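Residue-level structure breakdown
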Amino acid sequence: MAQSHKEVLTKGLFKENPVFIIMLGLCPTLGVTTQVVNGIGMGLSVIFVLVFSNIFISLLKNIIPNSVRIPSYIVIIAAFVTIVEMVMHAFAPAIYKALGIFLPLIVVNCIILGRAEAFANKNTVYDSFLDAIGMGVGFTMALILIALIREVFGAGTITLIPIGNFDGVLKIPLLYTYPVRVFTLAAGALLLMGYLKAFFTWFAERKRG
Amino acid sequence: MRQFLKVGVTLALIAAIAATTLAFVNAVTAPRIAAYEMQIIENALSTVAGKFRLGETKPSLTDEKVSAVHLLQDTDGNHIGYILQLEGIGYGGELTIMASYLNNGEVVEARLLANAETPGLGKKAEAPTYMEKFKATGAAVPVPVKKDALQKEDADSISGATITFAGVAKTIAYGSNYVKSLGGK
C-alpha cells in the first residue's frame, strides 16, 4: 500500500467512487433515491455504520480467523446497524420513519462488506477510518446527485429537511405541472444510472488522456 | 481439532459481545420507543375522531384484521359510530390503518400508520390528503377499491403505487363492512 493518507481519504470521492466506478451498493442507491432527503438520510447512516465497522474490523483483523471472517464481519456490521436503528427510532423518529426498510438493509449493503474485505482487514485503523469517511461521502454524493436528477425531472420538486416554517419541499415550475414520471419509477432509475455511469467512465478516460 | 475450537470460540465471542451491546442499547431505547408508538396511536385516534368524541374501547375481539375497536360519540354523548384499528397488506408488507366510521359504515376519516411501503411512492399514502378519496364512502357510495372508481386527479395521485392503494382501500372497505356487521351495538 503506497497510498498516502490524503489519497486514502479522497479516492472514494471520484477516482474509486463506490457507486459510479466500483458499482457497489446499487440496490439501495436505486431504491432510496426518489427524494433528495432520503439520499441524505441513507448516506449519513451508511457513513456512520461504515466508519465504525471499518474501525472495529481493522482493530480485530489479527484476532478474527481467516476462515470465518465474513460471518464475523456480518455480525459486527449487523450489530452497528441495529444500534443505529434503535437509537434513531428512540431519538430521531422522523428520520427513522423516512428511511423505513432501507435502514435495516444497510446490513447487506455491499459497500460496507466490500470495504471491510478489500480495505479494513489489511490496513491500519487510521487508514480504515479515512477510507470509511471517503467512501461514505462518495456514496452520499452519488445518492444526492441521482436523487436530485430523479426528483427534479420525475416529480418537479426538491425535498429537503423541513426547518421551521419551511416544509422542506421546493417546487420547480413547469416540471411540477408536467413531471417526467418515469424518473421516479424503477425503470427511470436504471436508465439514469446507465447514463451517469457512461458519463463518469467518459470523464475518467478523458482525464487519463 | 484445536483449529476448529479456536474458530468456534472466536466467532461465539464476537457474537456474545455484539449481543450484549445490543441488549444494553435496547434497554436504554425500548421505553422511549414504546412511548413514541403509544403517542402515535393516541394522536391518530384524536385525528380520526375529528369533531366527534372518543368513547370507550370495546374489549374481546375475534377478528384478526381488526386489532382495536373504540366507540365514537357526538358532543351529546350519543353513540354514532366506531373507530377501528385495522391491519391490512400493502406492497411492502403489513400496514396499520386507523379509521373512523359512522354506524352505517360511512368513512369519516382515516390515517395510515405503521407500514413498509416504498418511500416516495407508496409512502405517500401517509399524507392526510391521500385519505380524502375515501371520505363519505362506504354507505351510499361504495369504497373505491379499484383505480377505475377514482376521479382522474385521484387516479393520477396513486400512479406508481397502485398496489398500496388497493391494500389501503381493501382494508378501509373491510372496516366499513365490519362496522355494518356490528349493527350499531
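A brief look at the structure comes next. (Residues numbered from 1 in each chain as written. Chains lettered and ligands numbered in written order. Predicted model: local features only at pLDDT ≥ 70, side-chain atom pairs only at ≥ 80, totals over all residues.)

**Quick word on the overall build of chain B**
- Secondary structure summary: chain B contains three helices and five strands in total.
- When its helices and strands are written in sequence order, chain B yields α-β-β-β-β-β-α-α.
- Here the C-alpha radius of gyration of chain B, 22 Å, is well above what a compact globule of 185 residues would show, namely 16 Å.
- Dimensions of chain B, computed from the C-alpha atoms along their principal axes, are close to 75 × 40 × 25 Å.
- Relative to its full complement of 185 residues, chain B shows a buried share of 34%. (Helix = DSSP H or I, 4+ residues; strand = E, 2+ residues; numbered from the N terminus. Rg over C-alpha atoms; globule rule 2.2 N^0.38 Å. Buried ≥ 20, exposed ≤ 12 C-beta atoms within 10 Å, placed from the backbone.)

**Brief notes about the overall build of chain A**
- For chain A, the helix and strand inventory stands at eight helices and two strands.
- Along chain A, from the amino end to the carboxyl end, the secondary structure elements read α-α-α-α-α-α-α-β-β-α.
- Projecting the C-alpha coordinates of chain A onto the three principal axes gives extents of approximately 60 × 50 × 30 Å.
- For chain A, the proportion of its 209 residues judged to be buried stands at 41%.
- Long-range contacts, defined here as pairs at least 24 residues apart, represent 76% of the contacts in chain A between residues at least 6 apart. (Contact = placed C-beta atoms within 7 Å.)

**Considering the interface of chain B and chain A**
- At the interface, 22 residues of chain B touch 27 residues of chain A.
- Here the residues of the side of chain B that touches chain A sort into twelve nonpolar, eight polar and two charged. (Nonpolar A, V, L, I, M, F, W, Y, C, P; charged D, E, K, R; others polar.)

**Examining helix H3 (residues 36–59) of chain A**
- Counted at 1.5 Å a residue, the expected span for H3(A) with its 24 residues is 34 Å, and the 35 Å between its end C-alpha atoms agrees.
- Taking burial as the measure, the 24 residues of H3(A) include 18 buried ones, the bulk of the element. (Expected span 1.5 Å × (residues − 1).)

**Comments concerning the pairing of strand E5 (residues 107–112) of chain B**
Residue and element names in this part refer to chain B.
- Most of E5 is tucked away, with six of its six residues classed as buried.
- Alignment of strand E4 (residues 94–102) against E5, held across five bridges, turns out to be antiparallel. Residue pairing for E5: tyrosine 101 is matched across the bridge by valine 107.
- In this structure, the hairpin formed by E4 and E5 is closed by a connection of four residues, where glycine 105 is found at a positive phi of approximately 95 degrees. (Pairing = 2+ DSSP bridges.)

**A closer look at the nonpolar core**
Residue and element names in this part refer to chain A.
- The biggest cluster of nonpolar side chains holds 48 residues, and the ones touching the most others in it are Val49, Ile76 and Phe80.
- Looking at this core, the elements that each hand over two or more residues are H3, helix H4 (69–91), helix H5 (93–99), helix H6 (110–120), helix H7 (125–154) and helix H8 (186–208).
- No other element matches H3, which puts ten residues into this core.
- Other than its neighbours up to four places away in sequence, valine 49 contacts Ile77, Phe80, Val81, Val84, Ile106 and Ile112. (Core = buried A, V, L, I, M, F, W, Y, C linked by C-beta atoms within 7 Å.)

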